[in-house]
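Spelled out from the first residue to the last, the chains are:
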Amino acid sequence: QVQLVESGGGLVHAGGSLRLSCAVSISFSRCSAMGWYRQAPGKERDLVAPITTGGPTNYADSVKGRFTISRDNAKNTVYLQMNSLKPEDTAVYYCNCRIGGTQLYWGQGTQVTVSS
């Protein structure tokens, strides 16, 4: 069983920053794909950015230039640094790990609330 635990969410004023963490119970190398997602109230879960092992990261246009993904392979942890936060960034943030073509695991999510 793969476990992912997100943390670091909270309440922040517009323009502020947060750093989210996603701790994975297995080695990253076992995840064929990983990503950060978010789900705002009443909306679908959207991809923020895939978590890649190399090359450029394709961030969603809405967060490009403000959010940055990093990873600590030794700790099996990925991070999402969020700067210049806006009220529209308010959502539950999730990370996931796909193993092979059929197994998809999600964390429980962490709430980010940005006040105006």
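Whatever comes next refers back to the structure up there.
My aim in this report is to walk through the structure given alongside it, one point at a time. Bear in mind that the values here come from a model prediction, so they are computed numbers and not experimental data.

1. Details of the pattern of salt bridges
Argument step 1. Under the definition given, this model contains three salt bridges.
Argument step 2. Across the pair R38 and D89 runs a salt bridge whose closest N-O atoms are separated by 2.9 Å. Placement of R38 in strand β4 (residues 33-39) and of D89 in the loop between β7 (77-82) and β8 (91-99) is noted, with a sequence separation of 51 residues between them.
Argument step 3. Its relative accessible area of 14% is what places R38 among the buried residues.
Argument step 4. Given a relative accessible area of 1%, D89 falls into the buried group.

2. Describing the environment of E44
Argument step 1. Inspection of the secondary structure puts E44 in the loop between β4 and β5 (45-51).
Argument step 2. Accessibility expressed as a relative area gives 64% for E44, which makes it exposed.
Argument step 3. When sequence neighbours within four positions are dropped, the list of residues in contact with E44 reads R38 and Q39.

3. Overview of the nonpolar core
Argument step 1. Core analysis: the largest hydrophobic core is formed by 31 residues, its most contacted members being W36, L80, M82 and Y93.
Argument step 2. Taken together, the elements giving at least two residues each to this core come down to β3 (18-24), β4, β5, β6 (67-72), β7, β8 and β10 (110-115).
Argument step 3. In this structure L80 touches L18, R19, L20, W36, V48, F67, T68, I69 and Y93, once residues within four positions along its chain are discounted.

4. Focus: the pairing of strand β1 (residues 4-7)
Argument step 1. Side chains L4 and E6 project from β1 onto a buried face, and the interleaved V5 and S7 project onto a face without burial.
Argument step 2. With four bridges connecting them, β1 and β3 associate as antiparallel partners. By the bridge assignment, S7 is partnered in β3 with S21.

5. Considering the state of the cysteines
Argument step 1. Tallied over the entire structure, the rule returns two disulfides.
Argument step 2. In this model, C22 is linked to C95 through a disulfide, with the two sulfur atoms separated by 1.8 Å. Residues C22 and C95 are joined by a disulfide whose S-S torsion is about 70°; by sign, that bridge is right-handed. Here C22, found in strand β3, pairs with C95, found in strand β8; they are 73 residues apart in sequence, far enough to count as distant.
Argument step 3. According to the relative accessible area criterion, C22 is buried, its value standing at 0%.
Argument step 4. With a relative accessible area of 0%, C95 lands in the buried category.
Argument step 5. Shown here is the disulfide that connects C31 with C97, its sulfur atoms set 2.0 Å apart. Sign of the S-S torsion, about -100° for the bond between C31 and C97, identifies this disulfide as left-handed. Taken together, the positions of C31 in the loop between β3 and β4 and C97 in strand β8 put the pair 66 residues apart, joining distant regions of the chain.
Argument step 6. The disulfide pattern of the protein chain is 1-3, 2-4 when the bonded cysteines are numbered in sequence order.

Parameters at a glance
- Residues numbered from 1 in each chain as written.
- Predicted model: local features only at pLDDT ≥ 70, side-chain atom pairs only at ≥ 80, totals over all residues.
- Heavy atoms only, no water.
- Salt bridge = Lys/Arg side-chain N within 4 Å of Asp/Glu carboxyl O.
- Helix = DSSP H or I, 4+ residues; strand = E, 2+ residues; numbered from the N terminus.
- Buried < 20%, exposed > 50% of the residue type's maximum accessible area, 1.4 Å probe, protein only.
- Contact = heavy atoms within 4.5 Å.
- Core = buried A, V, L, I, M, F, W, Y, C linked by side-chain atoms within 4.5 Å.
- Pairing = 2+ DSSP bridges.
- Disulfide = S-S within 2.5 Å.

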